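Observations on the model geometry
The primary structure of each chain is shown beneath.
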Amino acid sequence: MIRRSVIRGSGHYLPERIVENSWFEERLETTDEWIRSRTGIERRHFAAEGQTTSDLGIRAARVALDRASMTAADIDGIVLATSTPDLTFPAVATMVQAGLGMKRGFAYDVQAVCAGFVFALANADAMIRAGLADRVLVIGAETFSRIMDWTDRGTCVLFGDGAGAVVLEAQDGNGTSDDRGILSADLNSDGTYRDLLYVDGGVSSTGSAGQLRMQGNLVFRHAVEKLSKTAAACLAKANLTDQDVDWLVPHQANLRIITATAQKMGLPLDKVVLTVADHGNTSAASIPLALSVADQEGRFKPGQLLVTEAIGGGLSWGSVVLRW
Ligand code: UT7
């Protein structure tokens, strides 16, 4: 018998304000047609003035707890992935913890940009398997609208705000790939690519929050190459192959990247969860958002195999394989 981390519930929250591609046409030299055809994005949500990353995270966490039929008192810890914290410290996770009325357990943030939720999920799973916790809330929450350069058409049309969450709970498994829960993880970073995607400010450099800078076409090439590789490596660790996959739940950065990855994995698009058109790229929130949307639609059946994968600033990239 070994301990596995099973998803008991998922939830998400998107800010009320929806911004269509046409909004950018009025401000920049861009078109709805360019954005749709190059990225698959049609609209995104932006947080209201004063609405912070922790506000979004709290709303998503409440839904996930409800859907898991649990209360905050049942949770042993929170791991929250974000690159857009309310404050430099304390961790957004502690703000979510307080917002949920939790008085016990640990709460900390993981910062791996767009790969953040995959890293946080793997991290929480490792803690559960090590016996440090039985139930962990794993959250991805972002307000990327706060770090956009609104004059840079190559980046500001791509990102959106939102949050998604899952409740992981320990369950005994047999140690085979038939077990429910997280079966394997594959995490990678290569800091020599830090200049491809970064924010040009920070506490110990400029003393300001900074704005996002990206060499999109170079990141694109790395994404297409690295995402299918990490998914294959992760499946291999669980003694599984592409053919065993029921659902790909990818990071939602660009429909062309998602399609290319699915193609390399031999997966038809009806096995891929797609939310990029409505959410844009919400960084660490994109995978839990996609998971929660698909879960609420009842698309995942017990026993089905899910693969998540993501890449982002760092570069950092990785994959988690789990049985629903
Ligand atoms: O989530 C974290 C990881 N991030 C990603 O995965 C993003 C990866 N990159 C991408 O998704 C794509 O590279 C972009 C969508 C950012 C850009 O698409 P692309 O096909 O790689 O275009 P490009 O950057 O090579 O630019 C092509 C042209 C350029 O014009 P010239 O130099 O050919 O005249 C750009 O200036 O498209 C132009 N362009 C735009 N045109 C209209 C760039 N942004 C826009 C825009 N509207 N918004």
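Residues numbered from 1 in each chain as written. Predicted model: local features only at pLDDT ≥ 70, side-chain atom pairs only at ≥ 80, totals over all residues. Heavy atoms only, no water.

**Digging into the site of the ligand**
For the ligand, the set of nearby residues contains 24 residues, the closest of which are Thr30, Arg38, His251, Asn254 and Asn281. In the model, an oxygen atom of the ligand is placed 2.7 Å from a nitrogen or oxygen of the arginine 38 side chain. Protein chains shield 72% of the accessible area of the ligand, which is 940 Å² for the free molecule. Taken together, the elements giving at least two residues each to the shell around the ligand come down to helix H2 (32-39), helix H6 (216-237), helix H7 (255-264) and strand S12 (305-312). Top contributing element to the shell around the ligand by residue count: H6, with 4 residues. (Near = heavy atom within 4 Å. Polar contact = N/O pair within 3.5 Å; in protein donor to acceptor, adjacent residues only side chain to side chain. Areas by Shrake-Rupley, 256 points an atom, 1.4 Å probe, with all protein chains shown as cover. Helix = DSSP H or I, 4+ residues; strand = E, 2+ residues; numbered from the N terminus.)

**A word on the sheet that holds strand S6 (residues 135-143)**
Read across the sheet, 5 strands follow the order S1-S7-S6-S4-S5 without closing on themselves; strand pairing throughout is mixed. In the strand order of this sheet, the two ends are held by strand S1 (2-13) and strand S5 (106-110), each with one partner. Put simply, the sheet's adjacent strands are angled 20° from each other on average, direction ignored. With 5 bridges joining them, strand S4 (residues 77-81) and S6 adopt parallel strand pairing. Each bridged residue has a counterpart across the sheet, and for alanine 81 the counterpart in S6 is glycine 140. (Pairing = 2+ DSSP bridges. Axes fitted to C-alpha atoms, helices over the stretch in contact; angles between N-to-C directions.)

**Looking at the pairing of S4**
The side chains of a regular strand alternate, first on one face of the sheet and then on the other. Along S4, 5 of the 5 residues are buried, which leaves the element largely enclosed by surrounding structure. Both faces of S4 are covered, namely the face carrying Gly77, Val79 and Ala81 and the face carrying Ile78 and Leu80. As defined by bridge partners, S4 adjoins S5 across 5 bridges and the pair is classed as parallel. The residue of S5 that forms the bridge with valine 79 is tyrosine 108. (Buried < 20%, exposed > 50% of the residue type's maximum accessible area, 1.4 Å probe, protein only.)

**Some details on the domain arrangement of the protein**
According to the domain assignment, the protein consists of domain 1 (2-173) and domain 2 (181-323). One C-alpha centre belongs to domain 1, the other to domain 2, and the line joining them spans 14 Å. On the domain 2 side, the residues contacting the 53 residues of domain 1 number 49 residues. Of the roughly 3,900 Å² buried between domain 1 and domain 2, counting both surfaces, carbon and sulfur atoms make up 64%. Summed over the shared surface of domain 1 and domain 2, the result is 3 salt bridges. With its nearest N and O atoms 3.6 Å apart, the salt bridge here joins arginine 67 to aspartate 295. (Domains from an automatic or database assignment. Contact = heavy atoms within 4.5 Å. Buried area = accessible area lost by both parts, 1.4 Å probe. Salt bridge = Lys/Arg side-chain N within 4 Å of Asp/Glu carboxyl O.)

**A closer look at the sheet that holds strand S8 (residues 181-189)**
To summarise the sheet geometry, strands pair through backbone hydrogen bonds and adopt either a parallel or an antiparallel arrangement. If you trace the 4 strands from one edge of the open sheet to the other, you get S8-S13-S12-S11, paired in mixed fashion. Pairing within the sheet leaves two strands with one partner each, and these edge strands are S8 and strand S11 (247-250). Each adjacent strand pair in this sheet contributes to an overall mean axis angle of 15°, direction not counted. Strand direction decides the pairing type here: S8 and strand S13 (residues 316-323), joined by 8 bridges, are antiparallel. Bridging from a neighbouring strand, serine 184 pairs with valine 321 of S13. Contacting S8, S12 and S13, H6 crosses the sheet at an angle of about 140° to S12.

**Quick notes on the side chain of threonine 275**
By the secondary structure assignment, threonine 275 is in the loop between H7 and helix H8 (276-279). Not counting chain neighbours up to four residues away, the residues in contact with threonine 275 comprise Gln252, Gly280, Ala290 and Val293.

**A few points about the side chain of serine 286**
Within the secondary structure, serine 286 sits in helix H9 (residues 286-296). Of the polar contacts made by the side chain of serine 286, one reaches the side chain of histidine 251; its length is 2.6 Å. From its side chain, serine 286 meets the backbone nitrogen of glutamine 252 in a polar contact 2.9 Å long. Excluding its chain neighbours within four sequence positions, the residues that come into contact with serine 286 are Pro250, His251 and Gln252.

**Let's talk about the packing of aromatic side chains**
Two measures describe an aromatic ring pair: the distance that separates the ring centres and the angle between the ring planes. Per the stated rule, a full pass over the model turns up 8 aromatic pairs. Between tryptophan 247 and phenylalanine 300, the ring centres sit 5.7 Å apart and the planes meet at 70°, which makes this aromatic pair edge-to-face. Linking tryptophan 247 in strand S11 with phenylalanine 300 in the loop between H9 and S12, this pair joins segments that are 53 residues apart in sequence. Phenylalanine 300 matches tryptophan 247 in its accessibility class, with the two residues each being buried. (Phe/Tyr/Trp six-rings, centres within 6.5 Å; stacked < 30°, edge-to-face > 60°.)

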